[in-house]
Amino acid sequence: MNPSKRITLAIQSKGRLFDDSVSLLKASGLDFRFADGQLRSPVRNYPIDLIRVRNDDIPTLLEKQVVDIGIVGENTLIEKQVCNEGVEVLSKLNFGACELCIAVPEASAYSGPADLDGVRIATSYPNTLADFMRRNSIDYSAVQLSGSIEVAPGAGLADAVCDLVSTGGTLRANGLRAVETIATSEAVLACRRGGLELEQQKSVDRLIDRFNGVKQAQETKYIMLHAPTGAVEDIAAIIPSAETPTVLELSGGSSQVAVHAVCNEPVFWDTMETLRSKGATSILVLPIEKMLE
Ligand code: ATP
């Protein structure tokens, strides 16, 4: 392939999104390896070159067309306001979920955004915060910090914080509680609108298909069981399955059949117990490695 048709894909160099980004790319069949300290790696079996950069820099690199596509926290795109500058989200990736929240000390009373009037708020997300405050007509002052935001109230630097929350553990450990969610986020594949040649666009579309296949495979399970012939209808109705199950005869003239189905919902223990109570035996729930529809 003509080297100019290769695509540059940015991923976070290290941090919360790195491992999941690499796992998704590998599960999508991309063959690459970052040697120690190396920030670039060609993909050997796909027209993509990977580059490791700071998550925070990916929106600007996309906007300036230094990279073609990027796996980035959606909150960063919102904060850098690049979606108005032609950067678009191509696909949500099912990892890196978090919320941008305003949090106050546990003991503070809070009844709504009006309580934030005149408050000092520590944050690394001044633009997203300003947008929320503007929409709610609140006057406040932002204390811009680049990390360890949660310590600001205890240190007397701010009265509240606006930061990313996933489990809420860090907030609780610092005596804070979330009172407003101002944005939700997950890792996304983003691209500059209209920045790709036709051949490159086809490669990106193919990559998104593979990402969707990986996502679907993670969310689906394959269930196999034996059932008395007369109970198949009842049992099939209990299986959380997208499509009609496959029913197969067992050898030796058995009064049982094998039922196989792809389930698009989790198969919980209580579902398995209900299946058994209807006569199902040898119930197996298996992961699906790849899926293409
Ligand atoms: P970088 O230094 O690479 O610019 P960073 O210092 O923000 O980025 P991380 O803390 O690794 O790096 O966060 C990267 C992204 O992970 C965030 O922008 C967000 O999309 C996502 N994320 C998920 N959960 C959390 C969380 N609890 N706190 C912070 N980020 C989270």
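Conventions and cut-offs
Residues numbered from 1 in each chain as written. Predicted model: local features only at pLDDT ≥ 70, side-chain atom pairs only at ≥ 80, totals over all residues. Heavy atoms only, no water. Near = heavy atom within 4 Å. Polar contact = N/O pair within 3.5 Å; in protein donor to acceptor, adjacent residues only side chain to side chain. Areas by Shrake-Rupley, 256 points an atom, 1.4 Å probe, with all protein chains shown as cover. 1 Å grid on protein atoms, 1.4 Å probe; cavity = no way out; pocket = protein on both sides within 12 Å on 5 of 7 lines; lining within 4 Å. Sits in = over half its atoms within 2 Å of the grid points. Phe/Tyr/Trp six-rings, centres within 6.5 Å; stacked < 30°, edge-to-face > 60°. Buried < 20%, exposed > 50% of the residue type's maximum accessible area, 1.4 Å probe, protein only. Lys NZ or Arg CZ within 6 Å of the ring centre and 35° of its normal. Pairing = 2+ DSSP bridges. Helix = DSSP H or I, 4+ residues; strand = E, 2+ residues; numbered from the N terminus.

Caption draft 1: Structural detail: the site of the ligand. For the ligand, the set of nearby residues contains 15 residues, the closest of which are Gln12, Arg16, Asn55, Asn75 and Ser166. Here an oxygen atom of the ligand and a backbone polar atom of Asn55 are 2.8 Å apart. In this structure, an oxygen atom belonging to the ligand sits 2.5 Å away from a side-chain N or O atom of Asn75. Starting from 610 Å² of accessible surface for the ligand in isolation, the protein chains cover 79%. The pocket occupied by the ligand, as judged from atoms lying within 2 Å of grid points, is the largest pocket.

Caption draft 2: A look at the packing of aromatic side chains. Counted under the stated rule, the structure contains one aromatic pair. Arranged with centres 6.0 Å apart and planes meeting at 70°, the rings of Phe32 and Phe34 form a pair that is edge-to-face. For Phe32, a relative accessible area of 2% puts it in the buried group. Positioned over the ring face of Phe34 is Arg52, at 5.1 Å from the centre of the ring.

Caption draft 3: Broad picture of the pairing of strand β12 (residues 221–228). One ladder, built from eight bridges, connects β12 with strand β14 (residues 256–263); its direction is antiparallel. Each residue of the ladder has a partner; that of Ile223, found in β14, is Ala261. Pairing of β12 with strand β15 (residues 281–287), which is carried by five bridges, proceeds in the antiparallel orientation. Bridge assignment links Ile223 to a residue of β15, and that residue is Val285.

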